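# Architecture at a glance
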Amino acid sequence: MKLTSRSFSRAALASAFLATTLGVSLVLASSADGAASTLGAAAAQSGRYFGTAVAAGKLGDSTYVNILNREFNMVTAENEMKWDATEPNPGQFNYSSGDRILNHAVSNGKRVRGHALLWYQQEPGWAQRMEGAGLRQAMMNHVTQVATHYRGKIYAWDVVNEAFADGNSGGRRDSNLQRTGNDWIEAAFRAARAADPGAKLCYNDYNTDGINAKSTGIYNMVRDFKARGVPIDCVGIQSHLTNNAPSDYQANLQRFADLGVDVQITELDISGANQANAYAAVTRACLAVARCTGITVWGIRDTDSWRTGQNPLLFDGSGNKKAAYNSVLAALNAATPTTPTTPTTPTTPTTPTTPTTPTTPNPGGCTASVSLNSWNGGFVATVKVTAGGTPLTGWRVTTPLPGGAAVTSSWSAGNSGTTGNVSWSNVSYNGNVPAGQSTEFGFQGTGSAEGLTATCSAS
Ligand code: G2I
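A separate point is the overall build of the protein chain. Helices and strands together make up the secondary structure of the protein chain, namely 12 helices and 17 strands. Considering only intrachain contacts with a sequence separation of at least 6, the fraction spanning at least 24 residues in the protein chain is 75%. Put simply, the protein chain shows about 19000 Å² of open surface, and 51% of that area lies on carbon and sulfur atoms.

What follows is the structure in structure tokens.
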């Protein structure tokens, strides 16, 4: 049978989709000499991805979409999965634009980086006006809800974005998020892992391209997280560059990789006269680091860039390939790249150990109520814990499961046991509940939990 170009592209798309589903990378575009002719296919030769930031509002622009579909195999929502977009009012979620981008990516065989669960910028106005325990609860709820909505669909989440200060301090940036307590970053990573155990969880920042005080502050945090078992899988080096990457760019990627995390170049754009060389140098640096798993540029055409007038991207305003494009493609094709190490399946969160010291009972106590969403053979239980007349500093809930029911996953609480008299205790970020206020945790299970009750005690 003679394949028309349309039926070929449909067949190619179908097999690309199948290959993606199976986790196999497929090189669709390659020339007679074996060199790949698109960024995504060239990166896939070494098991890496090449991605771009995408704006939902441009998905009707055919020049934009043609380049997107042809060149890239990873997509980041430029703004649509941020807090102000996804939770415009407290507890009221809107995923319409984020879903448009995700659906476009998935239906074209591309994967998605999630960006970003918590960032001090682009907080919705209501969160900007919050502080302290109330904000902490809102932050964790946000992480849980958004990561749950996209569960199983995201390759890697930027769980926390830009939390470190510029300059020489090497410390955290002040923000209302930071003022909720220094442990906010690890609390966010734990909540994200519980909500989507399959996504890689990244810390993402800028001005971290070389070895400097800021990147070293982050390096120390990642080392500490790895030592204490805080679930972190990757570090995003944004790479908004001018003229050149720093000379120790590759060494910086490597030192993070040596901590046992993946590194990803997450928002690459480069202005200046040396653009094509600098793009090639960044590409070669990633290829030389086994755990550098991919590169994302922050937009498609120069006119799509947030850096107005600086022309820092790979395509000009008309969608033509620039010299920088050719140098990246050549670098991807030229290298004998180090194959990235097989991605490790993120470990499921460990059950917090039960405290051995006797706890002082809180006279104010607490109550718990369950709301159950059941289907034939399974259920999701959401448990609301409400403090009595005095604030809680910790809580414990028991949920006697009927015979045949078993917990398979949970979020925002640690459990002891998965069948029968399962007991739950708060995690680090939701033990403090002001008098009369509530926090929620949840779990998923198999079997029937019809009639489930929950009993709360302060700890
Ligand atoms: O600032 C560059 C990037 C730095 N790292 C984190 C990224 O998330 C960040 O992306 C940019 C987007 O490219 C811009 O498109 O983040 C900006 C917000 O800080 C985005 O700009 C905003 C404008 O400030 C808003 O006025 C506009 O409503 O984009 C919004 C949506 O178009």
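What follows is about the side chain of Lys82. Mapping Lys82 onto the fold places it in the loop between β2 (74-77) and α4 (83-86). Although buried, Lys82 forms no salt bridge, and the nearest oppositely charged side chain, Glu78, lies 6.7 Å from it. Among the polar contacts made by the side chain of Lys82, one reaches the side chain of Asn79 at a distance of 2.8 Å.

Attention now moves to the packing of helix α10 (residues 249-257) against helix α11 (residues 275-287). Contact geometry of α10 with α11 gives a least axis separation of 9 Å together with a crossing angle of 30 degrees. In terms of axis orientation, α10 runs roughly parallel to α11. With respect to the hand of their crossing, α10 and α11 are arranged in right-handed fashion. Together, Tyr249, Gln250 and Leu253 of α10 and Val282, Ala285 and Cys286 of α11 make up the contact between the two elements. Looking at the contact of α10 with α11, its residues break down into 5 nonpolar, 1 polar and no charged.

We now examine the state of the cysteines. Considering all chains together, one arrives at 3 disulfides under this definition. Here Cys202 pairs with Cys234 through a disulfide, and the sulfurs are 2.0 Å apart. Between Cys202 and Cys234, the S-S dihedral sits near -85 degrees, and the bridge is therefore left-handed. One end of the pair, Cys202, is in strand β5 (residues 200-205); the other, Cys234, is in strand β6 (residues 234-237), with 32 residues separating them in the sequence. Grouping residues by exposure puts Cys202 and Cys234 together as buried. Here Cys366 engages in a disulfide with Cys456; their sulfurs sit 2.0 Å apart.

Moving on to the pattern of salt bridges. With the rule as written, the count across this model stands at 19 salt bridges. Here Asp183 makes a salt bridge to Arg136, at a shortest N to O gap of 2.6 Å. Linking Asp183 in the loop between β4 (156-161) and α8 (184-195) with Arg136 in helix α7 (residues 132-149), this pair joins segments that are 47 residues apart in sequence. Asp183 sits in the partly exposed class, given a relative accessible area of 27%.

Cut-offs used in this document
- Residues numbered from 1 in each chain as written.
- Predicted model: local features only at pLDDT ≥ 70, side-chain atom pairs only at ≥ 80, totals over all residues.
- Heavy atoms only, no water.
- Helix = DSSP H or I, 4+ residues; strand = E, 2+ residues; numbered from the N terminus.
- Contact = heavy atoms within 4.5 Å.
- Areas by Shrake-Rupley, 256 points an atom, 1.4 Å probe, with all protein chains shown as cover.
- Buried < 20%, exposed > 50% of the residue type's maximum accessible area, 1.4 Å probe, protein only.
- Lys, Arg positive; Asp, Glu negative; His and termini not counted.
- Salt bridge = Lys/Arg side-chain N within 4 Å of Asp/Glu carboxyl O.
- Polar contact = N/O pair within 3.5 Å; in protein donor to acceptor, adjacent residues only side chain to side chain.
- Axes fitted to C-alpha atoms, helices over the stretch in contact; angles between N-to-C directions.
- Parallel < 35°, antiparallel > 145°, perpendicular 65-115°, else oblique.
- Left-handed = near helix turned anticlockwise from the far one by under 90°.
- Nonpolar A, V, L, I, M, F, W, Y, C, P; charged D, E, K, R; others polar.
- Disulfide = S-S within 2.5 Å.

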